[in-house]
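Take a look at the letters that make up each chain.
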Amino acid sequence: MSIGAVLALLRDDFPEVTISKIRFLEAEGLVEPSRTPSGYRKFNPADVERLGYVLRMQRDHYLPLRVIRDHLDAMDRGEAPPALPGPDQRPGPVEEAERELGPGVGPGGVRLGRAELLAAAEAEEAELREWESYGLVSAGSDGGYDSEMLQIARLVAELGRFGLEPRHLRAVRAAAEREVGLVEQVVAPLRRHRNPQTRAHAEATARELATLAVRLHAALVQAGLRALSP
């Protein structure tokens, strides 16, 4: 089957799926369709079933791709996949915040071109231009996007599916800038120090303060939502 035929099959159960999403899952190694001599993707029924499993685990159980990959690896070995988490085991806002700022996220990681960012975030060019106009996403000096910009783009895209537009997110961006200012007040004297170890300590301190600030923000939102519950 062509990628278009696969999209038509999946859309009955997953209306939000797009060709960009399928390509992204392929790029992440979760499905490996064969290729014709001219380079066109050809999916077999097992590939479609595998894609359906990935999409179902994301939608119904909120599993991140790294966990879904572990499931698929177990199934490929003929083993039963790990048990699915119950509703009370799913990460809350605080845990999600800690994971968002976990190891491996930073400007030194992945570098994406514009087209790659659009595919990974499942966004259109017009959406990216709007995000950039509101200062939510920005390219580096080389014109590429790092892992943090990819993370932001994905989050903005997800919020957009709930009807939140970039103009609604100006308050979030402003709050983040204020938090950056608070962190900078603490670490600026350390960054100006001549001792390289002190400067390295400044970066570690900034990272720790950023994580604490995000955790506090998430906890405050969680508490606020709980107060609104009947």
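Within every chain, residues take consecutive numbers counted from 1 along the sequence as written. Given that this is a predicted model, residues contribute local features only at a pLDDT of at least 70 and side-chain atom pairs are listed and counted only at 80 or more, while totals for whole chains, interfaces and linings are drawn from all residues. To obtain the side-chain values, all non-hydrogen atoms of the structure were included, while hydrogens and water were left out.

1. Description of the pattern of salt bridges
In step 1: When a carboxyl oxygen of Asp or Glu lies within 4 Å of a side-chain nitrogen of Lys or Arg, that pair is called a salt bridge. If you walk through the whole model with that rule in mind, you get 14 salt bridges.
In step 2: One salt bridge connects Glu 26 with Arg 41, and the closest N-O pair in it is separated by 2.4 Å. A residue pair is termed long-range when its members are at least 10 positions apart, and Glu 26 in helix α2 (residues 19-27) and Arg 41 in strand β2 (residues 41-42) qualify at 15 residues.
In step 3: Between Glu 125 and Arg 129 there is a salt bridge, with its nearest N and O atoms 3.5 Å apart. With Glu 125 and Arg 129 both in helix α7 (residues 125-133) and four residues apart, the pair spans about one turn of that helix.
In step 4: You can call Arg 129 partly exposed: its relative accessible area is 49%. The helix count covers DSSP runs of H or I at least four residues long, the strand count covers runs of E at least two residues long, and both are numbered beginning at the N terminus. Whether a residue is buried, partly exposed or exposed follows from its accessible area with a 1.4 Å probe, protein chains only, as a fraction of its type maximum: under 20%, in between, or over 50%, in that order.

2. Some thoughts on the packing of helix α3 (residues 45-61) against helix α4 (residues 65-76)
In step 1: All axes are obtained by fitting lines to C-alpha atoms, using only the stretch in contact for helices, and the reported angles, taken between N-to-C directions, cover 0 to 180 degrees. Contact geometry of α3 with α4 gives a least axis separation of 10 Å together with a crossing angle of 140°. It follows from the interaxial angle that α3 and α4 lie oblique. For the pair α3 and α4, the crossing hand works out as right-handed. For the pair α3 and α4, the contacting residues are Arg 50, Tyr 53, Val 54, Met 57 and Gln 58 in the first and Leu 65, Ile 68, His 71, Leu 72, Met 75 and Asp 76 in the second.
In step 2: Three classes are used: nonpolar for Ala, Val, Leu, Ile, Met, Phe, Trp, Tyr, Cys and Pro, charged for Asp, Glu, Lys and Arg, and polar for all others, with Gly counted as polar. Considering only residue class, the contact of α3 with α4 consists of seven nonpolar, two polar and two charged. Roughly parallel refers to an angle under 35 degrees, roughly antiparallel to one over 145, roughly perpendicular to one between 65 and 115, and oblique to any angle outside these ranges. It is the rotation of the near helix from the far one that decides the hand of a crossing: anticlockwise by less than a right angle makes it left-handed, clockwise makes it right-handed. Throughout, a contact is declared for two residues whenever any of their heavy atoms are within 4.5 Å.

3. Regarding helix α9 (residues 170-191)
Each full turn of the α-helix corresponds to 3.6 residues, which orients residues three or four apart in the same direction.
In step 1: Taking 1.5 Å per residue as the helical rise, α9 with its 22 residues ought to reach 32 Å, and the 29 Å between its terminal C-alpha atoms agrees with that figure.
In step 2: To get the bend at any residue, fit one axis to the seven residues that end at it and another to the seven that begin at it, then take the angle between the two axes. At Gln 185, α9 shows its strongest bend, of approximately 40°, with the proline Pro 189 following within four residues.
In step 3: Listed as buried for α9 are Ala 175, Val 183, Val 187 and Ala 188.
In step 4: Packing partners of the buried residues in α9 comprise α10 (196-228). Multiplying 1.5 Å by the helix residue count minus one yields the expected span of that helix.

4. Details of the layout of surface pockets
If a probe the size of a water molecule is rolled over the atoms, the empty space left behind becomes visible.
In step 1: Whether a set of points on the 1 Å grid over the protein atoms alone is a cavity depends on a 1.4 Å probe fitting there but being unable to get out, while an open set qualifies as a pocket with protein on both sides within 12 Å along at least five of seven lines; lining residues are those with an atom within 4 Å of a point. Grid points are joined across faces, edges and corners, and a volume is the space filled by probe spheres set on the points. Empty space within the second largest pocket amounts to approximately 290 Å³.
In step 2: Those elements that place two or more of their residues in the lining of the second largest pocket are α7 and α8 (147-160).
In step 3: Residue classes in the lining of the second largest pocket are distributed as six nonpolar, three polar and seven charged.
In step 4: Looking at which domains feed residues into the lining of the second largest pocket, each of domain 1 (3-77) and domain 2 (114-228) gives three or more. Reported domain spans reflect what an automatic or database domain assignment gives.

5. What to know about the side chain of Asp 146
In step 1: Relative to the helices and strands, Asp 146 is located in the loop between α7 and α8.
In step 2: Polar contact is defined as a pair of N or O atoms within 3.5 Å, subject to the rule that within protein one atom must be able to donate a hydrogen and the other to accept it, and that residues adjacent in sequence are counted only when both atoms are side-chain atoms. A distance of 3.0 Å separates a polar side-chain atom of Asp 146 from the backbone nitrogen of Glu 148.

6. Thoughts on the packing of α9 against α10
In step 1: With their axes 9 Å apart at the nearest point, α9 and α10 run at an angle of 160° to one another. In terms of their interaxial angle, α9 and α10 are classed as roughly antiparallel. Handedness of the crossing formed by α9 with α10: right-handed. Of the residues in α10, those in contact with Glu 179, Val 183, Val 186, Val 187, Leu 190 and Arg 191 of α9 are Thr 198, Arg 199, His 201, Ala 202, Glu 203, Thr 205, Ala 206, Leu 209, Ala 210, Ala 213 and His 217.
In step 2: Taken together, the residues that form the contact of α9 with α10 break down as nine nonpolar, four polar and four charged.

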